[in-house]
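Each chain, written out:
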Amino acid sequence: MPSFAGDPRHERLVAVLVPLLRRSCPPDGGGFGGAYELRLAVDEAEALGGVDLIRSAMRKAARSLGWSRLQTFGGSYPQVAVAGVVDQREVPEEFAAAVEEYRMGRMRASAEVVSQTLQDGRRRAVPGSVYVTTQEFRAAVDEGVPG
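In this convention, every chain numbers its residues from 1, walking through the sequence in written order. Totals for whole chains, interfaces and linings use all residues, but because this is a predicted model, local features are given only for residues with pLDDT of at least 70 and pairs of side-chain atoms are given and counted only at 80 or more. The side-chain quantities take in all heavy atoms of the structure and omit both hydrogens and water.

A. Broad picture of the nonpolar core. In this structure, L13, L17, Y36, I54, M58, V85 and F137 are the most contacted members of the largest nonpolar core, which totals 29 residues. Looking at this core, the elements that each hand over two or more residues are α1 (8-24), β1 (35-40), α3 (51-64), β3 (81-87) and α5 (130-143). Put simply, buried Ala, Val, Leu, Ile, Met, Phe, Trp, Tyr and Cys residues joined by side-chain atoms within 4.5 Å make one nonpolar core. Throughout, exposure labels follow a simple rule: accessible area from a 1.4 Å probe, protein chains only, divided by the maximum for the residue type, with under 20% read as buried, over 50% as exposed, and the rest as partly exposed. Each helix is a run of H or I in the DSSP string that is no shorter than four residues. Each strand is a run of E no shorter than two, and both are numbered from the N terminus.

Shown next, in the form of structure tokens:
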């Protein structure tokens, strides 16, 4: 991956991403268990500097939060550009229950939204879903101020 040191677009995205990544962590989870994914239009990702720059900014933002073991992923495809980061540190025992409950709660919420959508046909956004995180990211970038 190329170096983006000194690129103002990179630094701006890092500033925007830090609070968003922090919010992706479970409450009472000690900053562990965070994950963040974006799905952008290809031209939108290119306007921000491209998927490689976005992934690099995610990596730097995550490391600034102490995510010492992390995974980034992403690519640009005909219909969508995808970028994400996942905290892969082992969760200390004192935070494990909170992180697990948060993950289970998100899965339950997703299942409930899908069930409601199937029942009445109304589309809904799932809290914490890629759709929601992408909208939050867009708003933060448009504001130009960290989230």
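B. Main features of the packing of α1 against α5. Lines fitted to the C-alpha atoms define the axes, with helices restricted to the stretch that makes contact. Angles between their N-to-C directions range from 0 to 180 degrees. Viewed as axis vectors pointing N to C, α1 and α5 meet at an angle of 140°, and their least axial separation amounts to 10 Å. One element, α1, and the other, α5, form an angle in the oblique class. As for the relative orientation of α1 and α5, their crossing is right-handed in sense. For the pair formed by α1 and α5, the contact residues are R12, L13, V16, L17, L20 and R23 on the first element and E136, F137, A140 and V141 on the second. If an angle is under 35 degrees, it is roughly parallel; if it is over 145, roughly antiparallel; if it lies from 65 to 115, roughly perpendicular; otherwise it is oblique. Handedness of a crossing follows from how the near helix is turned relative to the far one, being left-handed for an anticlockwise turn of less than a right angle and right-handed for a clockwise one. Residue contacts are counted whenever heavy atoms from the two residues lie within 4.5 Å of one another.

C. Up close: α1. An expected span of 1.5 Å times one less than the residue number is assigned to each helix. Over its 17 residues, α1 extends 25 Å from the first C-alpha to the last, a length consistent with the 24 Å expected when each residue adds 1.5 Å. Along α1, the sharpest change in direction is near 30° and occurs at L17; proline P19 comes one to four residues later. Restricting attention to buried positions, one finds in α1 the residues H10, L13, V14, V16, L17, V18, P19, L20, L21 and S24. Looking at the buried side of α1, the elements it contacts are β1, α3, β3, α4 (93-120) and α5. Two axes enter the definition of the bend at a residue: one is fitted to the seven residues ending there, the other to the seven starting there, and the bend is the angle between them.

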